[in-house]
Protein chains: 2
Amino acid sequence: MTQPPSDAHEFDLIERIRRRVHSRDDVVLGIGDDAALLKVPAGQLLVVAMDTLNAGVHFPDDTAAADVGWKSLAVNLSDLAAMGAEPAWCTLSLSLPDGDTRWVDGFLDGFLELAHAHGVALVGGDTTRGPLSISVTVHGFVAPGRALRRDAARVDDDVWVSGTPGDAAGALVQWRERTVRDAFLRSRLDRPTPRLTLGAALADVANACIDVSDGLLADLAHVCRASKVGARIELDRLPASDALRVAFDEAHRQTLQATGGDDYELCFTASPDLRDEIERIALGTGTPVTRIGRIEAGEGARAFDARGRLWQPGRAGYQHFA
Amino acid sequence: MTQPPSDAHEFDLIERIRRRVHSRDDVVLGIGDDAALLKVPAGQLLVVAMDTLNAGVHFPDDTAAADVGWKSLAVNLSDLAAMGAEPAWCTLSLSLPDGDTRWVDGFLDGFLELAHAHGVALVGGDTTRGPLSISVTVHGFVAPGRALRRDAARVDDDVWVSGTPGDAAGALVQWRERTVRDAFLRSRLDRPTPRLTLGAALADVANACIDVSDGLLADLAHVCRASKVGARIELDRLPASDALRVAFDEAHRQTLQATGGDDYELCFTASPDLRDEIERIALGTGTPVTRIGRIEAGEGARAFDARGRLWQPGRAGYQHFA
């Protein structure tokens with residue numbers, strides 16, 4: 001606005017995006033009008049989440065364009081997974097310092113790879129000039145009463161986590177220290193796996209659920225606050241990847257696992273009666289899950305070491321912001 | 001991420017926002033979980049639009065926080081108006097360089113004033129650290145077949161516009177030139193009026209519709225391209241505010257009116273048989289509308305002066321991006 005650009009880049013860019021997107025039968029009108037027109041299935045609730053990634057804040061500046069594209073959708077789909085919802089559509093707002101079409105093409109490679117894998121249609125959004133920033137809004141469905149919420153944990157529930165938390169935080173430490181950089185850990189930072197199949201399968205089984213974006217203890221504390229309960233985590237139960245075990249000593253690793261963010265794994269609670277059922281779901285969806293603790297009366301999420309001592313993290317929990 | 005902030009500002013900020021929002025009966029779950037749960041009325045299409053405002057690009061750096069809040073929602077509601085949709089919910093992603101709570105409170109003053117005026121519930125979003133940027137996604141409803149689209153203009157339709165286009169562009173010129181700054185014009189730049197009542201009333205009457213964000217001729221050209229028609233605008237029919245007439249000579253004013261952006265007025269087309277009906281709607285909704293031209297066979301949107309000569313703008317059309 002303060003400096004009107006000289007040409008019609010915005011329309012080129014939107015056309016560039018439109019050419020590559022897939023549609024769905026429930027998209028009445030997609031990219032190209034003032035708004036999208038969409039059909040929500042009768043009897044389903046609409047589920048909406050919105051997350052933004054800023055360059056240098058949410059991803060290292062050296063992140064490949066395709067990985068930025070993947071991650072910007074993945075962190076949003078992870079929110080739908082944590083609700084037990086089935087994804088359907090997304091909108092994308094892309095702020096770019098210049099009209100670098102090669103970067104945009106790379107970004108779309110990663111973004112659309114993940115969108116197409118989950119049958120998600122990109123139906124609209126915005127392209128603007130500004131510091132590199134990506135906002136995505138995702139839309140999905142869930143049957144009323146099936147949604148996994150933060151406020152439904154019950155005393156004596158088991159606490160479970162998917163995957164191997166700590167990997168993304170480990171990659172960040174390696175990136176900051178500029179020493180060894182493990183490719184597996186970095187891939188967990190750049191290309192998190194939204195646990196959509198697991199989340200949907202858990203909708204009938206789990207009580208509370210959240211995705212681990214701020215750190216396991218911090219996110220579990222959100223569940224505790226909303227559910228008015230406490231949680232106890234056994235540190236030596238936390239499932240760790242081989243890469244993380246090799247790269248960090250035990251104390252550092254446990255800190256990364258308990259407080260590191262950006263894993264986008266699901267942390268959920270369920271009745272101990274349902275352990276077999278949850279193991280079956282894990283097997284059926286190909287998603288490893290591990291029982292790591294218990295919900296108890298009280299408040300806050302605390303971790304205990306192998307000797308039953310209350311654990312204090314080596315560094316502060318992970319905070320996106322401010 | 002590269003510099004984890006030192007405290008729990010994000011949660012404070014979200015709580016600060018949550019305390020001030022109104023809800024609606026169709027919001028099953030709003031701010032505070034991984035995603036919002038919403039009820040779409042049976043038989044209605046969901047209408048979704050997303051727009052981003054970046055500081056220094058979409059608003060002058062000296063814009064008051066409340067005006068930034070108002071405008072970031074207004075430009076989105078304007079997209080719903082252009083579809084003839086009824087607004088319902090929004091999500092907000094706010095990127096801030098620091099946790100300036102006074103700025104956030106001011107921003108919310110403007111944002112929520114407009115939201116509450118139209119019964120729109122803020123149901124979720126994100127707060128991140130980064131250069132000042134606001135992304136909003138709005139959700140509304142429209143009955144199938146009633147939506148106003150860009151691709152429905154027909155040859156011999158009248159072309160209409162609401163309000164007095166050019167005011168926002170006039171304010172920008174005054175802001176850039178740092179001379180006289182008219183408060184009325186500035187208010188049209190900072191606090192555009194989303195024409196929701198007009199848009200909804202036109203849904204049964206108008207053929208095509210678009211909101212004027214990039215400039216009247218540029219946006220009408222989008223309608224022409226989508227509808228495979230041409231458009232002819234009579235320059236001396238363009239309705240101008242007194243403030244704009246006083247501030248600019250005729251040639252400059254006409255350029256601002258035909259090519260200036262950021263007015264968020266509705267430009268729509270309708271059969272000449274419906275002129276009386278449209279005048280009644282304008283009166284009933286308290287929104288001035290003016291007939292400014294005609295749809296014809298061909299392509300592109302062109303303007304003609306009082307002597308019937310093809311008009312050439314004094315400067316290039318307004319482009320947000322790049």
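Residues numbered from 1 in each chain as written. Chains lettered and ligands numbered in written order. Predicted model: local features only at pLDDT ≥ 70, side-chain atom pairs only at ≥ 80, totals over all residues. Heavy atoms only, no water.

With that out of the way, let us pick up the relation of the copies chain A and chain B. The operation relating chain A to chain B is a screw motion whose rotation component is 180 degrees, with 0.0 Å of axial translation and a residual RMSD of 0.0 Å. Here the symmetry operator amounts to a two-fold rotation axis. Of all interface residues in chain A, 99% are interface residues in chain B too; the two copies therefore contact each other through one and the same surface. (Least-squares fit on C-alpha atoms with pLDDT ≥ 70 in both. Contact = heavy atoms within 4.5 Å.)

Turning our attention to the interface of chain A and chain B. With 77 residues of chain A at the interface, the matching set in chain B holds 77 residues. Taken together, the connections running from chain A to chain B amount to four salt bridges. A salt bridge links Asp33(B) to Arg150(A); its shortest N-O distance comes to 3.7 Å. The tally of links between chain A and chain B comes to 23 residue pairs in polar contact (both at pLDDT 80 or more). For the side of chain A that touches chain B, the element with the highest residue contribution is strand S3 (residues 45-54) of chain A, accounting for nine residues. Looking at the side of chain A that touches chain B, its residues break down into 41 nonpolar, 20 polar and 16 charged. As judged from the three bridges shared by S3(A) and strand S2 (residues 36-38) of chain B, these two strands associate in the antiparallel manner. Bridged to Leu46(A) within S2(B) is Leu38(B). (Salt bridge = Lys/Arg side-chain N within 4 Å of Asp/Glu carboxyl O. Polar contact = N/O pair within 3.5 Å; in protein donor to acceptor, adjacent residues only side chain to side chain. Helix = DSSP H or I, 4+ residues; strand = E, 2+ residues; numbered from the N terminus. Nonpolar A, V, L, I, M, F, W, Y, C, P; charged D, E, K, R; others polar. Pairing = 2+ DSSP bridges.)

Let us now look at the sheet that holds strand S9 (residues 230-234) of chain B. Residue and element names in this part refer to chain B. Strand order in the open sheet made by the six strands is S8-S10-S7-S11-S9-S12, with mixed pairing throughout. Of all strands in the sheet, those bounded by a partner on one side alone are strand S8 (209-211) and strand S12 (300-304). Neighbour-to-neighbour, the strand axes of the sheet open up by a mean angle of 25 degrees, direction not taken into account. Sheet topology note: the S9/S12 ladder contains five bridges and is parallel. Following the sheet pairing, Arg-232 is matched in S12 by Arg-302. Here helix H7 (residues 216-227) sits on the sheet and contacts strand S7 (158-162), S8, S9, strand S10 (266-270), strand S11 (289-296) and S12; the angle it forms with S12, its principal contact strand, is near 140 degrees. (Axes fitted to C-alpha atoms, helices over the stretch in contact; angles between N-to-C directions.)

Once that is clear, we can look at the packing of helix H2 (residues 65-83) of chain A against helix H3 (residues 101-117) of chain A. Residue and element names in this part refer to chain A. Relative orientation of the contacting elements H2 and H3 amounts to 40 degrees, with a least axis distance of 6 Å. Of the two elements, H2 crosses H3, and the hand of that crossing is right-handed. Listed contacts from H3 to Ala-65, Ala-66, Val-68, Gly-69, Trp-70, Ser-72, Leu-73, Ala-74 and Leu-77 of H2 are Trp-103, Gly-106, Phe-107, Asp-109, Gly-110, Phe-111, Glu-113, Leu-114 and Ala-115. Within the contact of H2 with H3, the residues separate by chemical class into twelve nonpolar, four polar and two charged. (Left-handed = near helix turned anticlockwise from the far one by under 90°.)

Moving on to the side chain of Arg150(B). With respect to the helices and strands, Arg150(B) occurs in the loop between strand S6 (133-142) and S7. A polar atom in the side chain of Arg150(B) sits 3.3 Å from the backbone oxygen of Gly32(A). In this view, Arg150(B) contacts Gly32(A), Asp33(A), Asp34(A), Ala208(B), Cys209(B), Ile210(B), His222(B), Val223(B), Ala226(B) and Ser227(B); residues no more than four positions away in its chain are not counted.

Let us now look at the sheet that holds strand S12 (residues 300-304) of chain A. All names here are of chain A. In spatial order, the strands read S8-S10-S7-S11-S9-S12; together these six strands make up an open sheet with mixed pairing. What marks the edges here is a single partner per strand, and that holds for strand S8 (209-211) and S12. Between one strand axis and the next, the sheet turns through 25 degrees on average, direction left out of account. Of the strands in this sheet, strand S7 (158-162), S8, strand S9 (230-234), strand S10 (266-270), strand S11 (289-296) and S12 are in contact with helix H7 (residues 216-227), which crosses S12 at around 140 degrees.

Residues and elements named next belong to chain A. For chain A, the assigned domains read domain 1 (10-142) and domain 2 (157-304). In this structure, domain 1 and domain 2 have C-alpha centres spaced 26 Å apart. Listed by partner, the interface residues are 23 residues for domain 1 and 20 residues for domain 2. Summed over both sides, the interface of domain 1 with domain 2 buries roughly 1,700 Å², with 57% coming from carbon and sulfur. Our count for the contact surface shared by domain 1 and domain 2 stands at five salt bridges. (Domains from an automatic or database assignment. Buried area = accessible area lost by both parts, 1.4 Å probe.)

Moving on, we come to the UniProt feature "domain: PurM-like N-terminal" (unreviewed entry) in chain A. Under the local residue numbering, the UniProt record ascribes the feature "domain: PurM-like N-terminal" (unreviewed entry) to residues 32-142 of chain A. The span residues 32-142 of chain A carries 32% helix and 39% strand; its end-to-end C-alpha distance comes to 28 Å. (UniProt positions renumbered as here; feature names shortened; annotations may be inferred.)

This paragraph deals with empty space enclosed by the protein. With the rule as written, the count across this model stands at two cavities of 30 Å³ or more. In this model, the largest cavity occupies a volume close to 40 Å³. Taken together, Asn54(A), Pro131(A), Leu132(A), Ser133(A), Asn54(B), Ser95(B), Pro131(B) and Ser133(B) form the lining of the largest cavity. Residue composition of the lining of the largest cavity, grouped by class: three nonpolar, five polar and no charged. (1 Å grid on protein atoms, 1.4 Å probe; cavity = no way out; pocket = protein on both sides within 12 Å on 5 of 7 lines; lining within 4 Å. Points joined across faces, edges and corners; volume = space filled by probe spheres on them.)

This structure, assessed with the given rule, holds zero disulfides over all chains. In this structure Cys224(A) is not part of a disulfide, and its nearest cysteine sulfur, from Cys267(A), lies 8.8 Å away. (Disulfide = S-S within 2.5 Å.)

Turning our attention to helix H10 (residues 275-285) of chain B. All names here are of chain B. Those residues of H10 that fall on the buried side of the exposure criterion are Ile-278, Ile-281 and Ala-282. In a view along the axis of H10, the buried residues occupy a sector of 100 degrees, so they form one face of it. Those residues of H10 that are exposed and aimed more than 90 degrees away from the buried face are Asp-276, Arg-280, Leu-283 and Gly-284. Phi turns positive one or two residues past the end of H10, at Gly-286, with a value near 65 degrees. (Buried < 20%, exposed > 50% of the residue type's maximum accessible area, 1.4 Å probe, protein only. Arc of directions from axis to C-beta.)

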